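# Structural characterization, general
Take a look at the letters that make up each chain.
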Amino acid sequence: MARIFINAVSRSLIRAAGSVLTALAAVARNPVLGRELRTRMRGSRSYWLLFGYLLVLCGAVFLIFLQYTHGAGYGASSARGELGKAIFYWVLCFQALMVMLVAPAFTAGAFTIEREQRTLDMLATTRLTNTEVAAGKLLAAAGFATILAFVSLPLAALSFLLGGISPQELLGAYAVLLGASLFYGALGLLWSSLARNTTAATVGAYGSAMIIYITSCILSLASHSVSRGSGTAGPFTAFNPLAAVFTSGTSEGYFGLYLPAWMVGVTLNLVLALALYRSAAANLEHFPERKPWSPLVFATLAWAFFILGWHGSAIAYELQRGFSPSAGSLIGQTSTWPIRTLASQTLLFLALVLPMLSTLGWSPASARRGPIAATVWVAVALGSYVLALAQFSRLHWGAAVAGMLLLAAVSWGIYGVCVGWRAILQYPWPARVAGYLTVTLLLALPEALGSSVPPEQPDPVQQLYYASPFFAIQGLQAAGDPQAPWAEEFTQRRSHLALTLLVPPWGITSGVWFLIGLPGCLMSARRKGERRASARAPSSTLAAPSLPHTHRAEAAETRVSAARPQLAPEPPNVVALSESRAYNAAETTDNEPPEARR
Amino acid sequence: MIEVEHLRKEYGNLVAVRNLSLTLDEGDIFGFIGPNGAGKTTTLKMLATLLLPTAGRARIGGLDITREPEKVRAIIGYMPDSFGVYDDIKVWEYLDFFAAAYKIPHHRRQRIVDDVLELTDLTGKKDVYVESLSRGMRQRLCLAKTLVHDPKVLLLDEPASGLDPRARVEIKELLRELKRMGKTIMVSSHILPELADLCNKIGIIEQGDLIVSGDVQAIVAQVRGGRALQLRAPEAEVPRVLELLAERSDVAGAEAAAGEVRLQFTGTETEPADLLRDLVLAGVRVQAFGEQETDLEDVFMKVTRGIVS
Ligand SMILES: Nc1ncnc2c1ncn2[C@@H]1O[C@H](COP(=O)(O)OP(=O)(O)OP(=O)(O)O)[C@@H](O)[C@H]1O
Ligand SMILES: [Mg+2]
């Protein structure tokens, strides 16, 4: 009896949700979304899935109910609140797990299945752009997750009726659930755009989803339990949907601003989902996107995390002290802002991100431009950030500009090293590994060797300090703030360096790093030139049969290309074309040598 | 309509298409012929903006395929050589989906779907699930799908492969219908006679080289070193005809078979008439006189000989 009832209810709910979503799809006018929803809702498969899902939830709630009503003291409002809480936690935790299990599964096959059943080519020649296709796929998956969430809403509302749970907690947890379904869906989508077959995409999607899910859950819950007394949790505790079940009622402080944790969690999920889906769209083989902005999104995200994660607290501290930046602060005055720490961290960030960026083939059509654009972007973003910080910390403007030049030179050096390895090794992953090793050595060795010598003692090894950007930064700080604890050591070391009296250390270091980057950049430029040349050269070695040309009136328009001259003039755009990589499915995998990609 | 200049495509070290140039005018039907692995699919995919050329350029309707692929897509209809269909979708929904994907507004789609179903003779299958269609019907459905946005140019990659003779004839009929509608069509095949009476231009590609391309008649003439003529005369007079022909300078060669004489004529456009007049004046009772039927198979074998080995 109950089963029939649930059956009927869930059936009509699915119908209603399905028609609502189809209507929404029509509004959104995304044909991919419309088709996905229409075909997914068709047949009994999704219906049984939902039915089973609801059955499990109902069973769980029933068991909790039994356990609580058999316990002592049932009837008191506090006990009812306990029951409500228990139901809420169980239902939402179950769903939070389901999000991770369901969302990647729905999207991991989004493109691979189309490739396997050979429908992607036809989709690609329509006027849909890759972002539209990807959006349709993602929203269809998220739509199904939304239905799952809606179906369970009455059960969760039960806990709300019993008390013990605030509406904010309930809605917050649901909002995070939906945001997370988009995020994990977008993760599956990214894998689907990269992988060759559905199995690989599914394995990759689940692997990465699991790692992200578990780490974020552990971190959030740990941070939540630590901060329980203070009332404000650490950052992003509601990013993970499972943790959000417990933290959705709390608030988080950002630079003195207190936001509900769930709001931050939803926003973060959505932003990440957007970035992932954009790069999935850019990875599609067919659609030559003009603007390679998925690497930019990647760089932006990395940058945002860097600022928030490493500098957030420092910035907040500065804001709390309430300094007021003024035009006068640009000249001469110094502060205790740890510019050295900042710049060193920035260097580490560069060392982490740049080797990856410079060797990645992002959007296929922009394979050459993408990494360069992203690298330039990173350099510009870093530069303006450092400049802004210098402004806030009342650093001498000369020091700020010098710091920027230094960072730009180091970026160029790292970029050159990695691009050079890429040109030599041809495969991206060995190039990345070699790039990381070289960059680490270049950054760490001069510092390590240089500091093995006591500062008072003159030693030729100390000249190695020229290659260390950390030392140059130390110099910048010392120039601005002679009272700084490291200023004395810097001055001592400097007295043993030969050139520093004429040229400031940061200038020498910039030059050194420019030289470090030069061979790699030249090498990669030469390789590109070779490629162009090889594309231009006539490679027709087989002699074509020469057919007699007869010139008749109607044959005027006939073009016989058999007896071509050996040196056929190439059109001028051959350079542009040979530079961009082909975007065929079989060619876009990362681990092929670059030759195979052209 | 289609201008291709020095198009080239490499897959690693393999050159799939080498220095391909051709021009098609509006209303042309171009037969693209070549053995397996010759590069037909690669060429069509490049023109369909699915594959980036390594070098060279191509324009369709004046639009560069690499610079403005979005605009090119709006005016071409591409039918891949092998394709699949979506599950759980009905024939009209399938077409409606593609119409929507070509950004055709909702209120016009219904009519268009009905029209293309009518054209491809699938009206009766409107509410049938796509996966239950037979191969021939799927092929026609795919053709219907390429027509929903009324493209000016059709790129059809072996539209008749894997079909029985009857279905082949049907597809050919359909192509003729499209020709009447004034579309420019590029159709690939490795079966020559299939295209002979359909196309006004052909191109033969072998190992990435477009060996020959142009007007069907002109190519036949070129390969044979002239135009192929054919005449019939009473059995008894054939030796005399051969004698007469051997004397002429504008006849490259002649052979007799079962009362028919086939000859290679190297003269100009109007001179076959002179030949006929001379024969009749010489007292030969010519029963029939005309151009020999184009035998593409022959052309193909002749042209590709010596390259494969
Ligand atoms: N994705 C690819 N990667 C590497 N080589 C390819 C790829 N696609 C095609 N080729 C090669 O390019 C050449 C031309 O292939 P293409 O598919 O264009 O031939 P085709 O003329 O269409 O042949 P068929 O009549 O068999 O369809 C072949 O040698 C093929 O092996
Ligand atoms: Mg083919």
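Quick caveat, the model's predicted, so the values are computed rather than measured.

Each helix and strand in chain A was counted, giving 20 helices and three strands. Looking at chain A as a whole, 51% of its 598 residues are labelled buried. For chain A, contacts bridging at least 24 residues in sequence account for 76% of all contacts bridging at least 6.

The subject of this paragraph is the overall build of chain B. Across its full length, chain B holds eleven helices and 14 strands. Long-range contacts, defined here as pairs at least 24 residues apart, represent 67% of the contacts in chain B between residues at least 6 apart. Accessible surface computed for chain B: about 12,400 Å², of which carbon and sulfur atoms make up 48%.

Turning our eyes to something else, we now look at the site of ligand 1. Among the 15 residues in the neighbourhood of ligand 1, the closest are listed as Asn-36, Gly-37, Lys-40, Thr-41 and Thr-42 of chain B. Surrounding ligand 1 are residues belonging to chains A and B, so the site spans chains. A distance of 2.9 Å separates an oxygen atom of ligand 1 from a polar atom in the backbone of Gly-39 of chain B. In isolation ligand 1 offers 640 Å² of accessible surface; the protein chains occlude 67% of this area. Contributing elements (two or more residues each) for the shell around ligand 1: β2 (14-24) and α1 (40-47) of chain B. Considering only residue class, the shell around ligand 1 consists of six nonpolar, seven polar and two charged.

Turning our attention to the pattern of salt bridges. Throughout the structure, instances matching the rule amount to 26 salt bridges over all chains. Overlapping salt bridges bring together Arg-35, Glu-36, Glu-114 and Lys-137 of chain A as one network.

Moving on, we come to the confidence of the model for chain A. Any residue range with low pLDDT should be treated as having predicted coordinates unsuitable for detailed reading. Residues and elements named next belong to chain A. Per-residue confidence for chain A gives a mean pLDDT of 71, with 62% of residues at or over 70. The least confident element of chain A, judged by mean pLDDT, is helix α20 (residues 574-579) at 34; the most confident is helix α8 (residues 167-194) at 90. Segment residues 323-337: pLDDT under 50, and 32 contacts once partners within four positions in sequence are set aside and those in other chains are kept.

Grouped together as the largest cluster of nonpolar side chains are 120 residues, with contacts concentrated most on Tyr-184 of chain A together with Tyr-94 and Leu-95 of chain B. When neighbours within four sequence positions are excluded, Tyr-184 of chain A is seen to be in contact with Val-99, Met-100, Ala-103, Pro-104, Thr-107, Ala-209, Ile-212, Tyr-213, Ser-216, Asn-240 and Pro-241 of chain A.

Two quantities define a packed helix pair, namely the angle between the axes and the distance from one axis to the other. Residue and element names in this part refer to chain A. Contact geometry of helix α7 (residues 130-162) with α8 gives a least axis separation of 9 Å together with a crossing angle of 155 degrees. Judged on the interaxial angle alone, α8 and α7 are roughly antiparallel. Relative to α8, α7 is oriented so that their crossing is right-handed.

Turning our attention to the packing of helix α3 (residues 91-101) of chain B against helix α5 (residues 135-147) of chain B. All names here are of chain B. Closest axis-to-axis distance for the α3/α5 pair is 9 Å, and the angle between their directions is 30 degrees. In terms of orientation, α3 lies roughly parallel with respect to α5. Handedness of the α3/α5 crossing: right-handed. Together, Val-91, Tyr-94, Leu-95 and Phe-98 of α3 and Leu-141, Ala-144 and Lys-145 of α5 make up the contact between the two elements.

Here we take up the confidence of the model for chain B. All names here are of chain B. Looking at chain B, the pLDDT average stands at 83 and 89% of residues meet or exceed 70. Mean pLDDT in chain B bottoms out at helix α11 (residues 296-304), which sits at 63, and peaks at strand β6 (residues 76-79), which reaches 93. What the predictor reports for the complex is a pTM of 0.64 with an ipTM of 0.77.

It is worth spelling out helix α4 (residues 106-119) of chain B at this point. Residue and element names in this part refer to chain B. An ideal rise of 1.5 Å per residue puts 20 Å on 14 residues; α4 measures up with 21 Å between its terminal C-alpha atoms. Along α4, the residues classified as buried are Arg-109, Ile-112, Val-113, Val-116 and Leu-117. Taken end-on, α4 shows its buried residues confined to a sector of 130 degrees, consistent with a single buried face. Residues of α4 that are exposed and point more than 90 degrees away from the buried face comprise His-107, Arg-111 and Glu-118. Those residues of α4 hidden inside the fold are in contact with α3 and α5.

Looking along a regular strand, one sees side chains alternate from face to face of the sheet. Residues and elements named next belong to chain B. Here strand β8 (residues 184-189) lies mainly inside the structure; six of its six residues are buried. Side chains of β8 alternate between two faces, with Thr-184, Met-186 and Ser-188 and Ile-185, Val-187 and Ser-189 buried alike. Note: strand β3 (residues 29-33) against β8, five bridges, orientation parallel. Bridged to Ile-29 within β8 is Ile-185. Note that the unit made of strand β7 (residues 153-157), helix α6 (residues 165-180) and β8 has a crossover that is right-handed.

All names here are of chain B. Unusually for a residue other than glycine, Lys-103 sits at a positive phi of about 60 degrees. With respect to the helices, strands and loops of the structure, Lys-103 is situated in the loop between α3 and α4. When its relative accessible area of 39% is taken as the criterion, Lys-103 is described as partly exposed. If you check the backbone angles, Asp-150 has positive phi at about 50 degrees while not being a glycine.

What follows covers α5 of chain B. Over its 13 residues, α5 of chain B runs 19 Å from end to end, which matches the ideal 18 Å to within 8%, given 1.5 Å per residue. Regarding α5 of chain B, the residues found buried are Gly-136, Gln-139, Arg-140, Leu-141, Cys-142, Leu-143, Ala-144, Lys-145, Thr-146 and Leu-147 of chain B.

With that settled, the discussion passes to a nonpolar patch on the surface. Residue and element names in this part refer to chain A. A surface patch of nonpolar side chains, amounting to about 380 Å² of accessible area, comprises Leu-441, Leu-445, Leu-449, Val-461 and Leu-464. Turning to its location among the elements, Leu-445 is positioned in helix α16 (residues 428-451). By relative accessible area, Leu-445 is classed as partly exposed at 43%.

Okay, the packing of aromatic side chains next. The final tally for this structure, using the stated rule, is 16 aromatic pairs over all chains. With 5.2 Å between their ring centres and 15 degrees between their planes, Trp-412 of chain A and Phe-514 of chain A make a pair best called stacked. Placement of Trp-412 of chain A in helix α15 (residues 397-425) and of Phe-514 of chain A in helix α19 (residues 505-536) is noted, with a sequence separation of 102 residues between them. Note on Trp-412 of chain A: relative accessible area 28%, which makes it partly exposed. The exposure class of Phe-514 of chain A is partly exposed, given its relative accessible area of 41%. Among the aromatic residues, those joined into a ring-pair cluster are Phe-183, Tyr-184, Tyr-213 and Phe-239 of chain A. Positioned above the aromatic ring of Tyr-86 of chain B, the side-chain terminus of Arg-35 of chain A is 3.6 Å from the ring centre.

To continue, consider the pairing of strand β12 (residues 251-257) of chain B. Residue and element names in this part refer to chain B. Of the pairings in the sheet, the one linking β12 to strand β13 (residues 260-265) comprises six bridges and is antiparallel in character. Opposite Glu-255, over in β13, you have Arg-262 as the bridge partner. Counting the residues in the hairpin turn of β12 and β13 gives two residues, including Ala-258, whose phi is positive at 50 degrees.

Residues and elements named next belong to chain B. If you trace the backbone, Thr-23 turns up in strand β2. Given a relative accessible area of 27%, Thr-23 falls into the partly exposed group. Each C-alpha atom, one on Thr-23 and one on Ala-58, is 9.6 Å from the other, the two residues being 35 residues apart in sequence.

About the criteria used
- Residues numbered from 1 in each chain as written.
- Chains lettered and ligands numbered in written order.
- Predicted model: local features only at pLDDT ≥ 70, side-chain atom pairs only at ≥ 80, totals over all residues.
- Heavy atoms only, no water.
- Helix = DSSP H or I, 4+ residues; strand = E, 2+ residues; numbered from the N terminus.
- Buried < 20%, exposed > 50% of the residue type's maximum accessible area, 1.4 Å probe, protein only.
- Contact = heavy atoms within 4.5 Å.
- Areas by Shrake-Rupley, 256 points an atom, 1.4 Å probe, with all protein chains shown as cover.
- Near = heavy atom within 4 Å.
- Polar contact = N/O pair within 3.5 Å; in protein donor to acceptor, adjacent residues only side chain to side chain.
- Nonpolar A, V, L, I, M, F, W, Y, C, P; charged D, E, K, R; others polar.
- Salt bridge = Lys/Arg side-chain N within 4 Å of Asp/Glu carboxyl O.
- pLDDT = per-residue confidence, 0-100.
- Core = buried A, V, L, I, M, F, W, Y, C linked by side-chain atoms within 4.5 Å.
- Axes fitted to C-alpha atoms, helices over the stretch in contact; angles between N-to-C directions.
- Parallel < 35°, antiparallel > 145°, perpendicular 65-115°, else oblique.
- Left-handed = near helix turned anticlockwise from the far one by under 90°.
- Expected span 1.5 Å × (residues − 1).
- Arc of directions from axis to C-beta.
- Pairing = 2+ DSSP bridges.
- Right-handed = clockwise from strand over helix to strand, strands pointing away.
- Patch = residues over 30% accessible without salt bridge, like charges linked within 9 Å, V, L, I, M, F, W, Y side chains within 5 Å.
- Phe/Tyr/Trp six-rings, centres within 6.5 Å; stacked < 30°, edge-to-face > 60°.
- Lys NZ or Arg CZ within 6 Å of the ring centre and 35° of its normal.

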